[in-house]
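Overview (structure and organization)
Spelled out, the chains give:
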Amino acid sequence: MADFGSEIIVPTLIIAGKQDRCVPLPNIEYLASKLKNAQIEVIPHGSHCPHLDDPPLVNELISNFIRKKRNAFSKKKNNL
């Protein structure tokens, strides 16, 4: 991966399928290590398209991630 990862500072959610044959989990972990604010969620029965394997779970992961980041932002904003 190019060194551009250090330039990405926004919170990033990476959703990976454990059964992905195209992009194995070690590659996903490497990608996350290059991003300053990344969180990995692994879908045990997921393939390369976890959003198709388990749409409700993926939706829940995204919603929880956004909610958590929004709450953290609100707390910071209120402390200013």
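Residues numbered from 1 in each chain as written. Predicted model: local features only at pLDDT ≥ 70, side-chain atom pairs only at ≥ 80, totals over all residues. Heavy atoms only, no water.

With that settled, the discussion passes to the overall build of the protein. Counting its regular elements, the protein contains three helices and two strands. Secondary structure elements in the protein, listed N-terminal to C-terminal, are β-α-β-α-α. Across its three principal axes, the protein shows a C-alpha extent of roughly 45 × 35 × 15 Å. Taken across its 80 residues, the protein has 20% of its residues classed as buried. The contacts in the protein between residues at least 6 apart in sequence include a share of 72% that link residues at least 24 apart. When the accessible surface of the protein is summed, it comes to about 5900 Å², and 56% of that surface belongs to carbon and sulfur atoms. Of note, the protein has its 11 positive side-chain charges centred 11 Å away from the centre of its 8 negative side-chain charges. (Helix = DSSP H or I, 4+ residues; strand = E, 2+ residues; numbered from the N terminus. Buried < 20%, exposed > 50% of the residue type's maximum accessible area, 1.4 Å probe, protein only. Contact = heavy atoms within 4.5 Å. Areas by Shrake-Rupley, 256 points an atom, 1.4 Å probe, with all protein chains shown as cover. Lys, Arg positive; Asp, Glu negative; His and termini not counted. Charge placed at Lys NZ, Arg CZ, Asp CG, Glu CD.)

Mapping Leu31 onto the fold places it in helix α1 (residues 25-34). Considering only alpha carbons, one finds Leu31 and Ile14, 17 residues apart in sequence, at a separation of 9.1 Å.

For the protein, mean pLDDT is 90; residues scoring 70 or higher make up 91% of the total. At the low end of the mean pLDDT range in the protein sits helix α3 (residues 55-78), at 90; at the high end sits strand β1 (residues 12-17), at 97. (pLDDT = per-residue confidence, 0-100.)

Bringing the side chain of Thr12 into the picture now. Here Thr12 shows up in strand β1. For Thr12, the contacting residues outside a window of four places in its chain are Leu35, Asn37, Ala38, Gln39 and Phe65.

Looking now at the nonpolar core. Counting residues in hydrophobic clusters, the biggest one holds five residues: Ile14, Ala16, Ile28, Ala32 and Leu35. Counting only elements with at least two residues in this core, the list comes to β1 and α1. (Core = buried A, V, L, I, M, F, W, Y, C linked by side-chain atoms within 4.5 Å.)

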